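# Fold and contact review
For reference, the chains in residue letters:
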Amino acid sequence: MSKTTHYATLDGMRGIAAIAVVMFHAKAYFGTVYPHSAYLAVDLFFCLSGFVIAHAYDDRLATGRLSAAGFVRVRLLRLYPLYIAGTALTIAAIAVALFVKHDASQWTARDFMIAVPAALLMLPAPFFDNIFALNIPAWSLFYELLANAVYATSLFSQRRVLMVVAGVAAAAVIVQTFIFGHIDQGTSWPSTVWALGRVFFGFPVGIMLYRLHRRMQPIVVPAPALLGLLALVMFAHLSGTARIGFDIGFVLVISPALVLLGSFDGPASPFLVQLCRWLGLISYPIYVIHFPVILILNSWERRHGNSALHHPLFGLALVTALIAVSFVAGHADARFRRALTAGRLRLSRA
């Protein structure tokens with residue numbers, strides 16, 4: 001079996017994990033049957049990101065074909081447009097509530113004026129429990145960009161540095177999981193140090209896995225088995241000591257193993273290859289768009305005192321609609337970025 005340069009199985013993993021996150025945040029509509037462990041998807045995302053970024057940029061940065069500043073621009077161009085599209089939904093909804101309906105029951109004008117500039121700059125907002133109050137899942141994007149910035153300095157070109165950083169971060173992962181009983185930390189200011197532990201374990205490990213992948217013999221595990229295992233992990237419902245052990249085991253062992261095994265030969269079926277690519281396409285749009293939509297729905301329910309929507313059928317309809325919107329948004333974002341890149345190239349040659 002040969003190695004691949006397009007990681008279809010990793011695309012599929014990213015999509016399954018992103019949909020699990022949506023269902024986790026929409027759990028009010030699913031009753032007791034939802035992916036209880038979907039917060040672990042963030043740790044998988046960090047590891048996937050390290051692997052894919054090392055694949056795409058290791059050689060280009062090492063040879064000088066791409067500067068550190070150019071790399072940061074590329075990453076911002078990848079993450080910002082869809083992030084701001086999702087965040088704009090929340091901004092618009094709050095603006096209507098505050099300045100049209102004069103409803104300050106959930107947001108004050110002062111809080112709004114603090115949160116919006118920070119959100120537009122993709123920076124954490126002060127004075128809020130959640131550092132990205134307008135689009136809570138964006139906390140992980142901020143920390144990923146921080147890890148990207150460190151990667152751009154070439155510090156992570158040294159294996160010893162990667163191992164030390166990942167080792168210290170692994171200790172932080174273990175400590176926080178024992179303190180809180182789980183690893184679902186990072187959205188708030190007090191949990192900043194724990195968020196750093198999560199990203200600076202997963203991201204460097206992903207980089208090391210890519211460099212290991214380049215020189216090792218492929219280990220062939222059928223893609224459906226890996227994707228099915230990930231789905232089962234997302235739905236794991238545990239508590240107490242079992243939850244602590246499970247979270248630590250997933251972050252330190254299962255997540256890296258899934259990334260490494262998924263990086264070898266992709267699905268054998270053309271249908272499954274296409275499905276995985278489709279899942280990869282929707283993964284980022286649905287991650288940054290879903291939470292503002294859920295916030296708007298929750299706000300509407302509170303104002304009208306109506307919980308009739310809390311039914312699994314509505315939950316499935318909501319997830320399906322978000323998948324459809326994300327499919328369109330993913331294509332639109334890709335076209336926008338291609339057009340922007342082409343325009344910049346034309347300007348540079350003029």
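Our structure is the block above this text.
Let me begin by describing the structure that accompanies this report. Starting afresh in each chain, residues are numbered from 1 along the sequence in its written order. Only residues with pLDDT of 70 or above have their local features reported here, since the model is predicted, and side-chain atom pairs are shown and tallied only from 80 upward, although totals for entire chains, interfaces and linings are computed over all residues. Side-chain measures here rest on the full set of heavy atoms in the structure, leaving out hydrogens and waters.

## Some thoughts on the overall build of the chain
Where we set the bar: Think of it this way: any DSSP run of H or I at least four residues long counts as a helix, any run of E at least two long counts as a strand, and we number them from the N terminus. When we talk radius of gyration, it's over C-alpha atoms, and the globule rule is simply 2.2 Å times the number of residues to the 0.38.
Secondary structure summary: the chain contains eleven helices and zero strands in total. Counting helices and strands in the order they occur from the N terminus, the chain gives α-α-α-α-α-α-α-α-α-α-α. A globule of 350 residues ought to have a C-alpha radius of gyration of about 20 Å, and the chain, at 20 Å, matches this closely. Based on the C-alpha atoms only, the size of the chain along its principal axes is roughly 60 × 60 × 40 Å.

## Brief notes about empty space enclosed by the protein
Threshold: Grid points spaced at 1 Å over the protein atoms alone were grouped into cavities, where a 1.4 Å probe fits but cannot get out, and pockets, open sets with protein on both sides within 12 Å along at least five of seven lines, with lining residues defined by an atom within 4 Å of a point. Grid points are joined across faces, edges and corners, and a volume is the space filled by probe spheres set on the points. Under the convention adopted here, Pro, Cys and the residues Ala, Val, Leu, Ile, Met, Phe, Trp and Tyr are nonpolar, Asp, Glu, Lys and Arg are charged, and Gly plus all remaining residues are polar.
According to the stated counting rule, one finds two cavities of 30 Å³ or more in the structure shown. There is about 50 Å³ of room inside the largest cavity. Lining the largest cavity we find Y83, T87, A115, A119, L123, A125, I131, F132, A133, L134 and N135. For the lining of the largest cavity, the elements supplying multiple residues, two or more each, are α3 (68-100) and α4 (109-120). Taken together, the residues of the lining of the largest cavity sort by class into nine nonpolar, two polar and no charged. Here the second largest cavity defines a volume of roughly 30 Å³. Lining of the second largest cavity is provided by D43, C47, F201, G202, V205, V251, S255 and P256. Here the lining of the second largest cavity is built from residues that sort into five nonpolar, two polar and one charged.

## Focus on the pattern of salt bridges
How we decide: Any carboxyl oxygen of Asp or Glu within 4 Å of a side-chain nitrogen of Lys or Arg constitutes a salt bridge here. When a residue's accessible area, from a 1.4 Å probe over protein chains only, is under 20% of the maximum for its type it is buried; when over 50% it is exposed; and in between it is partly exposed.
For the coordinates displayed, the defined rule picks out nine salt bridges. Among the ionic pairs, D11 bridges to R14, the shortest N-O distance being 2.7 Å. Here D11 pairs with R14, and both are found in helix α1 (residues 8-25), just three residues apart, close to one helical turn. What makes D11 buried here is its relative accessible area of 10%. Overall, R14 belongs to the partly exposed group, its relative accessible area being 23%.

## A short note on the environment of L121
With respect to the helices and strands, L121 occurs in the loop between α4 and α5 (138-152). Taking the relative accessible area as the measure of exposure, L121 reaches 62% and is therefore exposed. Separated by 107 residues in the primary sequence, L121 and R14 place their C-alpha atoms 26 Å from one another.

## Considerations on the layout of surface pockets
Here the largest pocket is characterised by a volume of approximately 1400 Å³. Surrounding the largest pocket, 49 residues form its lining, R14, V52, R75, R78 and R337 being those nearest its centre. Elements supplying a minimum of two residues to the lining of the largest pocket: α1, α2 (41-62), α3, α5, α10 (270-304) and α11 (312-349). Residue contributions to the lining of the largest pocket peak at eleven residues, all from α2. The residue makeup of the lining of the largest pocket, split by class, is 25 nonpolar, twelve polar and twelve charged. Its volume calculated, the second largest pocket comes out at about 490 Å³.

## Things to note about α5
The condition is simple: Multiplying 1.5 Å by the residue count of a helix minus one yields the expected span of that helix. Residue contacts are counted whenever heavy atoms from the two residues lie within 4.5 Å of one another.
The terminal C-alpha atoms of α5, which comprises 15 residues, lie 21 Å apart, in line with the 21 Å expected from a rise of 1.5 Å per residue. The buried fraction of α5 is high, at eleven of 15 residues. Those residues of α5 not exposed but buried are A138, W139, S140, L141, Y143, E144, L145, A147, N148, Y151 and A152. If you follow the buried residues of α5, they end up packed against α2, α3, α7 (192-215) and α10. Looking one or two residues past α5, S154 carries a phi angle of roughly 80 degrees, positive in sign.

## Some remarks on the packing of aromatic side chains
Short version of the rule: We call Phe, Tyr and Trp rings a pair once their centres come within 6.5 Å, taking the six-membered ring for Trp, and we label the pair stacked below 30 degrees between planes, edge-to-face above 60, and tilted otherwise. Should the NZ of a Lys or the CZ of an Arg lie within 6 Å of a ring centre and within 35 degrees of the ring normal, that charge is described as sitting over the ring.
Applying the stated criterion across every chain yields a total of 20 aromatic pairs. An angle of 75 degrees between the planes, with centres 5.0 Å apart, marks the rings of Y57 and F71 as edge-to-face. Taken together, the positions of Y57 in helix α2 and F71 in helix α3 put the pair 14 residues apart, joining distant regions of the chain. Accessibility assignment for this pair places Y57 and F71 in one class, buried. A centroid spacing of 6.4 Å and a plane angle of 40 degrees characterise the contact between F156 and F203, whose relative ring orientation is tilted. Placement of the pair is F156 in the loop between α5 and α6 (159-180) and F203 in helix α7, with a sequence separation of 47 residues. Here the two residues F156 and F203 agree in accessibility, since each one is buried. Through a chain of ring-to-ring contacts, the aromatic side chains of F46, Y80, Y83, F132, W139, F142 and Y143 assemble into a single cluster. Sitting over the face of the ring of F24, K27 holds its NZ or CZ atom 4.2 Å from the ring centroid.

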